[in-house]
Amino acid sequence: MSVNDRQTLILRDGWQVLATTLERTVVDCARGEGFAAAVVIGDHAVRNGASMDTMWAMVNAAPGRRGVRKARRVLRALDGRSESPGETRTRLIIAEMNIAQPDLQVGLVVAGYTYRPDFLWKEQKLIVEFDGDSKYFLYRPTPEVLLAERKREKRLMEAGWSFVRLEWHHLANPAEVKRRILTAFHTCQSAIAA
């Protein structure tokens, strides 16, 4: 680890600690953690400003070191558009599927409202949403969030969009997630052809 890979952080109580940079932390995790966990960490870091160029330079400067091939695979998989660990895990499952890859977090205007679905197949009019609990409990009163989400989904469905909703317990069975998405994808594809 070089001097440039470290930074001094000052904590609220005045203590100073030496820490690795965001980029060094991602590269270290990419070399040593499991693939999915490392991608979750990396997606979050990229979303919070970690430099892909810096991380690639770190990995490329360490040829032959333990975990470098794994780190390259992790860096290739990073996408800061994933806004939560659940979205990252869902994206990794979808990436294994033999279908066109979806757009992530794109603006979709329906009935004068702009929505940003997690995963969107525009041609098939298919949306996949990962529903983590924080979306419903952390930012606004739960009844308000549920009502807004219900109205959002109703508007989109009335405009011809189909949904697959996923929660954490679904991600424990990737084969079932793939089956559900593939079924919806082909159903939407058939509707276009009809």
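The text that follows walks through the structure, step by step, so that each part is easy to find.

Reading the values: the criteria
Residues numbered from 1 in each chain as written. Predicted model: local features only at pLDDT ≥ 70, side-chain atom pairs only at ≥ 80, totals over all residues. Heavy atoms only, no water. Helix = DSSP H or I, 4+ residues; strand = E, 2+ residues; numbered from the N terminus. Areas by Shrake-Rupley, 256 points an atom, 1.4 Å probe, with all protein chains shown as cover. Buried < 20%, exposed > 50% of the residue type's maximum accessible area, 1.4 Å probe, protein only. Contact = heavy atoms within 4.5 Å. Pairing = 2+ DSSP bridges. Axes fitted to C-alpha atoms, helices over the stretch in contact; angles between N-to-C directions. Parallel < 35°, antiparallel > 145°, perpendicular 65-115°, else oblique. Left-handed = near helix turned anticlockwise from the far one by under 90°. Nonpolar A, V, L, I, M, F, W, Y, C, P; charged D, E, K, R; others polar. Polar contact = N/O pair within 3.5 Å; in protein donor to acceptor, adjacent residues only side chain to side chain. Phe/Tyr/Trp six-rings, centres within 6.5 Å; stacked < 30°, edge-to-face > 60°. Lys NZ or Arg CZ within 6 Å of the ring centre and 35° of its normal.

Each helix and strand counted, the chain has nine helices and eight strands in total. Element-wise, carbon and sulfur atoms account for 54% of the exposed surface of the chain, whose accessible area totals about 11,500 Å².

Turning to the environment of Phe119, a few remarks are in order. Tracing the backbone shows Phe119 in strand β6 (residues 119–121). Taking the relative accessible area as the measure of exposure, Phe119 reaches 1% and is therefore buried. Linking Phe119 and Val164, residues 45 residues apart in sequence, is a C-alpha distance of 9.8 Å. Excluding anything up to four places from it in sequence, Phe119 contacts Glu87, Thr90, Arg91, Ile94, Pro102, Asp103, Leu104, Leu126, Ile127 and Val128.

Burial runs high along strand β8 (residues 162–166): four of the five residues are buried. Strand direction decides the pairing type here: strand β7 (residues 126–130) and β8, joined by five bridges, are parallel. Bridging across to β8, Ile127 finds its partner in Phe163.

With that out of the way, let us pick up the packing of helix α3 (residues 52–60) against helix α4 (residues 68–77). Relative placement of two packed helices is described by the angle separating their axes and the distance separating the axes. In the contact formed by α3 and α4, the axes pass within 10 Å of each other and the chain directions differ by 165°. On the basis of the axis angle, α3 is roughly antiparallel to α4. Every pair of crossing elements has a handedness; the one defined by α3 and α4 is left-handed. Of the residues in α4, those touching α3 at Met52, Met55, Trp56, Val59 and Asn60 are Val68, Ala71, Arg72, Leu75 and Arg76. Of the residues contributing to the contact of α3 with α4, the split by class is seven nonpolar, one polar and two charged.

Moving on: the side chain of Arg91. Mapped onto the elements, Arg91 comes out in helix α5 (residues 85–95). At 2.8 Å, the side chain of Arg91 and the backbone oxygen of Ala77 are in polar contact. If near-sequence neighbours (up to four positions away) are discounted, Arg91 is found in contact with Val39, Asp43, Ala77, Leu78, Asp79, Ser82, Leu104 and Phe119.

Evaluation of the coordinates by the stated rule reveals three aromatic pairs. Aromatic side chains Trp121 and Phe185 sit 6.0 Å apart centroid to centroid with 75° between the ring planes, which places their arrangement in the edge-to-face category. Of the two residues, Trp121 sits in strand β6 while Phe185 sits in helix α9 (residues 174–193), which places them 64 residues apart along the sequence. With relative accessibility at 2%, the residue Trp121 sits in the buried group. Under the relative-accessibility criterion, Phe185 is labelled buried at 7%. Above the ring of Tyr113, the side-chain terminus of Arg155 is found at 3.7 Å from the ring centroid.

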